[in-house]
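# A structural walkthrough
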Amino acid sequence: MSFEIRPLPGVIGAEVLGFDIGRDGADEAARLRLREAWTDRVVLVFREMATDEAGFMRLAGLFGENVPQPVQRPEYRVEGFPLIRLLSNRHRDTLGDNKPLNVGGTWHTDHSHLPDPPRGTVLRAIRLPEAGGDTSFTNQRAAYEALDEAVRREVDPLVGHHVYNSRYAPRRMATMTPDEEREAPSARHPLVRPHPASGRKALYFNPIRIERFDGMDAAASQALMDRLVAHCEQDRFVYRHRWRPGDVLIWDNAQALHMVRHDYDPAQERIMHRTLVG
Ligand code: OGA
Ligand code: MN
């Protein structure tokens, strides 16, 4: 084999070493190996990727259909690549209070207010702070499987109501234009979902987007999510990624929560390219 997939310790994460999109990208067997490892390990870390925007898009496309970013602003654009969003710690909520955007700074899964959320989010490190800015991920399948049977019985039938910006979110989302707000979809998703690729059940909830579970009031819904977060964020279910130059990372929104720590020197830049796959 021309490249290696090396599982990280524990239940989540694998490194992909020596992958070359030009050489390996058209190899169907390679693609199947990658997709199987992704479903199993939830997060794949491609190291030392000497690639450009076109290669990044091709790599993402191995995992599913490329899909648009739900929110785009002029400052997020990458010339010639409409499906890439530039993430920068310098961006501010220009339609709102103009404060820095705390993108990804608390546990969440991406775009769960959509009826069909993108399964994969792919990030490519462009500029990194000298220290800090790690991104953590949970394995929501392993977390579900480790629940007591009584808790499983409690959560199995629940359905979450997801909106763009829950009034109970621990942080605010970027302010929407009136048009965006009018068109912003909301969605109901079961709290326990069979995974689209493996059929194995995983916990699917989102503290920034769920206002309540059907049939429960908001306080009880938020209390349940707090309990579930405390369970899922235990070290045994978590991979904490320390970014290195050349890293490209893909995670599986159907079976992970993620969170970045904006704990680095704000005078330094942290810039990523981000794309989504369906
Ligand atoms: C995201 C996100 C985390 C990071 O792009 O959805 O949460 O590490 N990013 O920048
Ligand atoms: Mn995110």
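This report concerns the structure included in the present document. Every value quoted in this text rests on a predicted model; they were computed, and no experiment measured them.

## Regarding the overall build of the chain
For the chain, the helix and strand inventory stands at 7 helices and 16 strands. Relative to the compact-globule value of 19 Å for 278 residues, the chain shows a C-alpha radius of gyration of 18 Å, a close match. Here the chain holds 278 residues, and the buried ones make up 54% of them. Long-range contacts, defined as pairs at least 24 residues apart, comprise 79% of the intrachain contacts of the chain with a sequence gap of at least 6. Just so you have it, the chain exposes about 12,800 Å², and 50% of that area is on carbon and sulfur atoms. Side chains of the chain give 38 positive and 40 negative charges; the mean places of these two sets differ by 2 Å.

## Re the site of ligand 1
As a matter of local geometry, ligand 1 sits amid Leu87, Gly104, His108, Asp110, Leu123, Thr135, Trp251, His258, Val260, Arg270 and Arg274. Thr135 places a polar side-chain atom, nitrogen or oxygen, 2.6 Å from an oxygen atom of ligand 1. Take His258: an N or O atom from its side chain is 3.1 Å from an oxygen atom of ligand 1. For ligand 1, whose accessible area on its own is 290 Å², the fraction buried by protein is 98%.

## Details of the pairing of strand E2 (residues 14-17)
Alignment of strand E1 (residues 4-7) against E2, held across 4 bridges, turns out to be antiparallel. When the bridges of E2 are listed, Ile5 appears paired with Val16. Both E2 and strand E3 (residues 43-46) contribute to a ladder of 3 bridges, which runs parallel. Within E3, the residue paired with Val16 across the bridge is Phe46.

## A closer look at the coordination of the manganese ion (ligand 2)
On the protein side, the manganese ion (ligand 2) has His108 (NE2), Asp110 (OD) and His258 (NE2) as donor atoms, found 2.1 to 2.2 Å from it. Sequence positions of the donors to the manganese ion (ligand 2) reduce to the motif H-x1-D-x147-H.

Quick notes on the rules
- Residues numbered from 1 in each chain as written.
- Chains lettered and ligands numbered in written order.
- Predicted model: local features only at pLDDT ≥ 70, side-chain atom pairs only at ≥ 80, totals over all residues.
- Heavy atoms only, no water.
- Helix = DSSP H or I, 4+ residues; strand = E, 2+ residues; numbered from the N terminus.
- Rg over C-alpha atoms; globule rule 2.2 N^0.38 Å.
- Buried < 20%, exposed > 50% of the residue type's maximum accessible area, 1.4 Å probe, protein only.
- Contact = heavy atoms within 4.5 Å.
- Areas by Shrake-Rupley, 256 points an atom, 1.4 Å probe, with all protein chains shown as cover.
- Lys, Arg positive; Asp, Glu negative; His and termini not counted.
- Charge placed at Lys NZ, Arg CZ, Asp CG, Glu CD.
- Near = heavy atom within 4 Å.
- Polar contact = N/O pair within 3.5 Å; in protein donor to acceptor, adjacent residues only side chain to side chain.
- Pairing = 2+ DSSP bridges.
- Donors = N, O, S within 2.8 Å, 3.2 Å for Na, K, Ca; no water.

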